[in-house]
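Report on the structure
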Amino acid sequence: IGHAYIFSGPRGVGKTSLARILAKAVNCLNGPAEEPCNVCDACKDIQAGRFVDLVEVDAASKRRLVDMRELIETVRYMPMRGRYKVYILDESHMLIDEAWNAFLKTLEEPPGHNIFVLSTTDAEKIPYTIKSRCQSFEFRRISDRDIGLQLKRICDDEGIGYDEGVFDYIAAEADGSLRDAESILDQVIAFGGQNITEADVGAVIGIVGRESTYRIIESIITEDLRGGLTLIDRLIVEGHEAYQIYKGLVSALRKMLLFSIYESPPPFLYMGTEEAARVSALTQDIEYYEIQNMLAYLLKAENLLAGLFPKVTL
């Protein structure tokens, strides 16, 4: 067990959560163990946030030298209940230089009963003198598929009914952050009640319905110009911005492109059975290079959509 760790990576992927699990693992009464038991008093108290030997510090608000000195003052005392005192410094890159210099002495001569976890979204701002004395672990974004499966499990556990497609929308909006995805899900449940639909997700995060997007693409494939323009106009009248429709088209074409490569839903995307059938049907009538060209045209037009005439551009 090391005395200091750096957990770095994007927000909302579990850095602080894993630091708490580490605190459980080293203080578990049936351990130390790779998997904490979650039933002993130490594990349950850490889970509930009342374990006295787990100290969490928000380094974004307590970043000054005086704050660091107060923390260092407690380091020399032995743990009251556990084997180790675990200090979690959240957003640690926000500490000022004087605070880092004060902390460095503690890292150089660490008391054996302390473990420090520096959690950060910007590891480049942590001084090299600190990094060289820590074990570093880099966290990655969570795949859309894993986020979708986790949200589905939460709804099943909580007895919330759902349309299969809601999790794909939320996962795409969360952009790899499970915390953001759970926050959006919470808002959707508050809006839609015990049974959430794709329309509820659209109302909460302002996205265009998937079926509308695929119908626009279908109108392009079948050369139904009037039908496509009428549908776009209806979406704009309903309150959707041109850029929202554009984002929906880019996302749908990306899925079609990937589907045509894998000849099935790709393993890293969450895609319900209905959507998979819809995408499969659309890709039957169009060549791979044509999807690629459509996507390329859309991406080239992004700057124009931010201009004065987004509807004309679309």
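Scope of this entry: the structure provided in the associated data block. Predicted, not measured: the structure shown is a model, and the values here were computed from it. (Residues numbered from 1 in each chain as written. Predicted model: local features only at pLDDT ≥ 70, side-chain atom pairs only at ≥ 80, totals over all residues. Heavy atoms only, no water.)

Looking at the overall build of the protein
Helix and strand counts for the protein stand at 16 helices and seven strands. In terms of overall dimensions, the protein is more spread out than a globule: its C-alpha atoms have a radius of gyration of 25 Å, far above the 20 Å expected for 314 residues. In terms of overall dimensions, the protein has C-alpha extents of about 75 × 40 × 35 Å along its principal axes. Within the protein, the proportion of its 314 residues that are buried is 43%. Accessible area of the protein: about 17,200 Å², with a carbon and sulfur share of 50%. (Helix = DSSP H or I, 4+ residues; strand = E, 2+ residues; numbered from the N terminus. Rg over C-alpha atoms; globule rule 2.2 N^0.38 Å. Buried < 20%, exposed > 50% of the residue type's maximum accessible area, 1.4 Å probe, protein only. Areas by Shrake-Rupley, 256 points an atom, 1.4 Å probe, with all protein chains shown as cover.)

Focus: the layout of surface pockets
Sizing a probe to match a water molecule and rolling it over the atoms shows the empty space that remains. In this structure, the largest pocket occupies an estimated 530 Å³ of space. Around the largest pocket, the lining is made up of 23 residues, and of these Ala172, Ile207, Lys247, Gly248 and Ser251 lie nearest the centre. Those elements that place two or more of their residues in the lining of the largest pocket are helix H7 (166-174), helix H10 (210-221) and helix H12 (242-262). Of all the elements, H12 adds the most residues to the lining of the largest pocket, at eight residues. Split into classes, the residues belonging to the lining of the largest pocket amount to nine nonpolar, six polar and eight charged. (1 Å grid on protein atoms, 1.4 Å probe; cavity = no way out; pocket = protein on both sides within 12 Å on 5 of 7 lines; lining within 4 Å. Points joined across faces, edges and corners; volume = space filled by probe spheres on them. Nonpolar A, V, L, I, M, F, W, Y, C, P; charged D, E, K, R; others polar.)

Thoughts on the sheet that holds strand E1 (residues 4-8)
Spatially, the five strands line up as an open sheet ordered E2-E3-E4-E1-E5, and their pairing is parallel. At either margin of the open sheet sits one strand with a lone partner, and together these are strand E2 (54-58) and strand E5 (135-138). Averaged over all adjacent pairs, the angle separating strand axes in this sheet is 15°, with direction ignored. Running over the sheet, helix H4 (residues 97-108) touches E1 and strand E4 (114-120) and is turned about 140° from E4. (Pairing = 2+ DSSP bridges. Axes fitted to C-alpha atoms, helices over the stretch in contact; angles between N-to-C directions. Contact = heavy atoms within 4.5 Å.)

With respect to the nonpolar core
If you look at the biggest cluster of nonpolar residues, it comprises 27 residues, and the most contacted ones within it are Ile216, Ile217, Ile245, Leu253 and Met256. When contributions to this core are tallied by element, the ones reaching two or more residues are H10, helix H11 (225-237), H12, helix H13 (273-284) and helix H14 (288-300). Sort the elements by how many residues they give to this core and H12 lands first, with ten residues. Once you skip the residues sitting within four places of it in the chain, isoleucine 245 turns out to touch Val208, Ile216, Ile232, Leu235, Ile236, His240 and Leu314. (Core = buried A, V, L, I, M, F, W, Y, C linked by side-chain atoms within 4.5 Å.)

Digging into the packing of H7 against helix H9 (residues 198-205)
It is at 8 Å that the axes of H7 and H9 come closest, and there the two elements cross at 25°. As the angle between them shows, H7 and H9 are arranged roughly parallel. You can see that H7 and H9 cross each other, and the crossing is right-handed. Touching Val166, Tyr169, Ile170 and Glu173 of H7 are Glu198, Val201 and Ile205, all from H9. Counted by class, the contact of H7 with H9 contains five nonpolar, no polar and two charged residues. (Parallel < 35°, antiparallel > 145°, perpendicular 65-115°, else oblique. Left-handed = near helix turned anticlockwise from the far one by under 90°.)

A few points about helix H1 (residues 15-27)
Helix length check: H1, at 13 residues, gives a terminal C-alpha distance of 19 Å against a target of 18 Å (1.5 Å per residue), a fit within 8%. Among all positions of H1, only Lys15, Thr16, Ala19, Leu22, Ala23, Lys24, Ala25, Val26 and Asn27 are buried. Where H1 is buried, its residues touch E1, helix H2 (41-48), E2, strand E3 (85-90) and E4. (Expected span 1.5 Å × (residues − 1).)

Concerning the packing of H10 against H11
Closest axis-to-axis distance for the H10/H11 pair is 9 Å, and the angle between their directions is 155°. One way to sum up the angle between H10 and H11 is to call them roughly antiparallel. When you trace H10 past H11, the crossing you get is left-handed. The residues of H11 that touch H10, namely those facing Ser212, Arg215, Ile216 and Ser219, are Gly228, Leu231, Ile232, Arg234 and Leu235. When the residues that make up the contact of H10 with H11 are grouped by side-chain class, the tally is four nonpolar, three polar and two charged.

Concerning the environment of valine 13
Structurally, valine 13 is set in the loop between E1 and H1. Put simply, valine 13 and alanine 281 are 268 residues apart on the chain and 35 Å apart in space, counted from C-alpha to C-alpha. Beyond its immediate stretch of four places on either side in the chain, valine 13 contacts Phe139, Arg140, Arg141, Ile142 and Gly176.

A short note on the packing of aromatic side chains
On inspection of all chains with the given rule, the structure shows seven aromatic pairs. Arranged with centres 6.1 Å apart and planes meeting at 80°, the rings of phenylalanine 7 and phenylalanine 137 form a pair that is edge-to-face. On the criterion of sequence distance, the pair formed by phenylalanine 7 in strand E1 and phenylalanine 137 in strand E5 is long-range, its members being 130 residues apart. A residue is classified by how much of its surface remains accessible, and phenylalanine 7, at 5% relative accessible area, is buried. For the pair tyrosine 162 and phenylalanine 167, a centre-to-centre distance of 4.8 Å together with 65° between the ring planes defines the contact as edge-to-face. Residue classification places phenylalanine 167 among the buried residues on the basis of a relative accessible area of 0%. A network of ring pairs unites the aromatic residues Tyr5, Phe7, Phe137 and Phe139 as a single cluster. If you follow arginine 210 out to its NZ or CZ, it ends over the ring of tyrosine 169, 4.1 Å from the centre. (Phe/Tyr/Trp six-rings, centres within 6.5 Å; stacked < 30°, edge-to-face > 60°. Lys NZ or Arg CZ within 6 Å of the ring centre and 35° of its normal.)

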